[in-house]
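Here are the chains, one letter per residue:
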Amino acid sequence: RNLFFSGLTAMEKKLAEYKCNTNEAIQLKLVRFPEDLEDDNTTFNPEYSHQVFGDDEVAFGYKGLKILLYYVAGNLSTLFRIEYTSKVNEKFDCVEADDVESKIREIIPPGFCTNTDDFVSLLEKEVNFKPFGMLLHTYSIHNEEAGEDITYQIYKADMTCPGFREYHERLQTFLMWFIETASFIDVDDERWNYFLVFEKYNKDGATLFATVGYMTVYNYYVYPDKTRPRVSQMLILPPFQGEGHGAQLLETVHRYYMSSPTVLDITAEDPSENYVKLRDFVLVKLCQDLLCFSPVKLMQGFSQEMVTEAQQKLKINKQHTRRVYEILRLRATNMGDAEQSRSYRLDVKRRLIGPYKKKQRELAKMRRCLRPEEMTNQLNQIDLNLQREQLEESFQQLVSDYRRVLERLAQA
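The residue numbers shown here count from 1 along each chain, following its written sequence. Local features in a predicted model are, by the rule used here, given only for residues with pLDDT of at least 70; side-chain atom pairs are given and counted only at 80 or more, and totals for whole chains, interfaces and linings are based on all residues. Processing note: side-chain calculations cover all non-hydrogen atoms of the structure and skip hydrogens and water entirely.

## A look at the packing of helix α10 (residues 304–314) against helix α11 (residues 318–332)
- The N-to-C vectors of α10 and α11 enclose an angle of 115°; their axes lie 9 Å apart at closest approach. In terms of axis orientation, α10 runs roughly perpendicular to α11. Taken as a pair, α10 and α11 cross one another with a handedness that is right-handed. Taking contact as the criterion, the partners of M306, V307 and A310 in α10 are, on α11, K318, T321 and Y325.
- Lys, Arg, Asp and Glu make up the charged group, whereas Ala, Val, Leu, Ile, Met, Phe, Trp, Tyr, Cys and Pro make up the nonpolar group; the residues left over, Gly among them, are polar. For the contact of α10 with α11, the per-class residue count stands at 4 nonpolar, 1 polar and 1 charged. Only the contacting stretch of a helix is used when fitting its axis, a line to C-alpha atoms as for every element, and angles between N-to-C directions run 0 to 180 degrees. Under the scheme used here, helices are H or I runs from DSSP no shorter than 4 residues and strands are E runs no shorter than 2 residues, and both carry numbers assigned from the N terminus. Roughly parallel means an angle under 35 degrees; roughly antiparallel, over 145; roughly perpendicular, 65 to 115; everything else is oblique. Each crossing gets its hand from how the near helix is turned against the far one by less than a right angle, where anticlockwise is left-handed and clockwise is right-handed. Residues count as neighbours in contact if any of their non-hydrogen atoms are within 4.5 Å of one another.

## A look at the environment of S183
- As for its position among the elements, S183 is in the loop between α6 (164–178) and β11 (192–203).
- Three exposure classes are used, based on accessible area relative to the maximum for each residue type with a 1.4 Å probe and protein chains only: buried under 20%, partly exposed in between, and exposed over 50%. Judged by relative accessible area, which is 43%, S183 ranks as partly exposed.
- Spatially, the C-alpha atoms of S183 and E251 are 24 Å apart, while their sequence positions differ by 68 residues.

## Focus: the sheet that holds strand β7 (residues 78–83)
- When DSSP finds at least two bridges between two strands, those strands are taken to pair. Within the open sheet, the 4 strands sit side by side as β3-β2-β6-β7. Their pairing is mixed. Strand pairing shows two members of the sheet lacking a second neighbour, β3 (43–44) and β7, which therefore form its edges.
- Bridge count for strand β2 (residues 26–31) against strand β6 (residues 66–72) is 6 bridges, and the pairing is parallel. Residue pairing across strands places Q27 opposite L68, the latter belonging to β6.

## Details of the domain arrangement of the protein chain
- Where a domain begins and ends is set by an automatic assignment or by a domain database. Domain assignment breaks the protein chain into domain 1 (14–126), domain 2 (131–331) and domain 3 (332–411).
- Between domain 1 and domain 2, the C-alpha centre-to-centre distance is 31 Å.
- At the interface, 28 residues of domain 1 touch 26 residues of domain 2.
- Accessible area that two parts lose when put together, with a 1.4 Å probe and added across both, is what the buried area reports. Summed over both partners, the interface of domain 1 with domain 2 buries about 2,400 Å², with 65% contributed by carbon and sulfur atoms.
- Its largest share of buried area at the contact with domain 2, domain 1 owes to R32, Y48 and Q51, together 27% of the area lost on that side.
- Criterion for a salt bridge: a side-chain nitrogen of Lys or Arg within 4 Å of a carboxyl oxygen of Asp or Glu. Taken together, the links from domain 1 to domain 2 amount to 1 salt bridge.
- Where R32 meets E199, a salt bridge forms, and the shortest distance between an N and an O atom there is 2.9 Å.
- The definition of a polar contact used here is a pair of N or O atoms within 3.5 Å, where within protein one atom must be able to donate a hydrogen and the other to accept one, and adjacent residues in sequence count solely through side-chain atom pairs. Across the domain 1-domain 2 interface, the total number found is 11 residue pairs in polar contact (both at pLDDT 80 or more).

## Description of helix α8 (residues 273–287)
- What a helix should span is 1.5 Å times the count of its residues minus one. Compared with an ideal rise of 1.5 Å per residue, which puts 15 residues at 21 Å, α8 spans 21 Å between its outermost C-alpha atoms and is within 8% of the ideal.
- Burial analysis of α8 places 11 of its 15 residues in the buried class, the great majority of the element.
- Looking at α8, one finds that the buried residues are Y275, V276, L278, R279, D280, F281, V282, L283, V284, L286 and C287.

## So, the sheet that holds strand β14 (residues 267–268)
- Taking strand neighbours across the sheet as the criterion, the 6 strands line up as β9-β10-β11-β12-β13-β14 in an open arrangement whose pairing is mixed. The open sheet has two free edges, formed respectively by β9 (134–143) and β14, since each of these has just one partner strand.
- In this structure, β9 lies alongside strand β10 (residues 148–157), joined through 9 bridges in antiparallel fashion. Across the sheet, the residue bridging to H137 is I154, located in β10.

The following block contains the structure:
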C-alpha cells in the first residue's frame, strides 16, 4: 500500500512539471516595428484566462509552454504560434496533453499567420491602415519616455465601414484576457455603437495609427421616442493603461450623446469598480460648473433641480447624479467643522441605509407570516450593531473613493 502511494506521488510530481499557468504562457504584443518581435519590453500578459482555460487557468501537457498572440498595432492582423520545450507522450498511460491550439482558435478569427515572415510582410502594409468611421475628438498627452506630445484620436464606427467587421472580430478577442466576465456581442444588431481610440505615430516619415482601446454602447429603446445608451464593454489595452485614455473616451462618448435630443440618459451594464471610479471622475468634471451644483446649493441638499439639469444637459441619470452631488458636496464641506461634517455624514448615510430599511420592511412582513422559531433565525441575521458598523465602514470607504476623485480633478 505504501509502495503504491509513493509511486503515485512520483507520478504526480512528474505530471506536475507539465502544468503551465496560462496567464504566464500567453504572450501578447502590439507590433509596430519588426524589432518589437524580439523585444521583451513589448510583451504583456493576460489578467484572466479562465474563460478559455477553465477556473484554475492551467494548461496541462507541456513544459515551457508559450502561446504567442502578436498583433499588428493598427489593424490587428494576428500571428498565433505555440512553442514548448517538451510535451507529454504515450509513456504516461492514458494522459493526453490539452489541445491548446483549438481552445485559442475558438476565440480568434480565422486568417491569422502562423509564421513570423508572413507577419512581418503584413506589418509593411500597415501604412495603408486608417481608422474607421467618424472622427469625434483629438487630444494629446505628453510622453516622458519619448520626450514629446503624442496625439490620439477617437472615432465612432459602425458595421457599414469597410473592413470594420473583421477588425472588430480581432479586437474583441482582447476582452477575454482583460475583462473577467467578457462575452462577444451580436454585431448584426444595429443598435450597437462602437467608439475607438487610436494613437498617431511616425514610421519612416509616414503617419500610422495604432489601436489603443475601445468602447461598445447599446442603444435601448425608451417609450415613446427616446433611447437610453448603455455602456457594455470598455477596454484600454495594457500598454496604454494609466495614461488617461479611459477618461478621454468616456467623456467623448458622453459629449457625443449629449448633442442628441432623443437620448434620455446614459447607463452602464454591470460596471466594474475601476469603471465606477472613472465614471465618477468624468461626470464630476462635466457637472462641476452647472449652477445647480454651486456650493450654496450643495449645502441645501440633493435636489430635483440637480437631477433634471444633469439629465437634460449632460444625459446623466439620477443615480449617478446623486454620486456627483455627494462628491461635490464633500469638496464644499469643511470636514474639520463638526457641524458641517456631521451634516454631510448623515446625508450620505441616509442614502446608504436605504437597502437596510428595505430588508427590515421585508422582515416585518415575514414576521406576520412566519412561526416564531423561524422568525428568530431570520432576526439573528440582522443585528443592529452590526448594521451600524457596516454602515460606518461603507461611509468611510466611499469618502476615501470620493477624495481620490477630487485629487484627480484637482490635477486635471
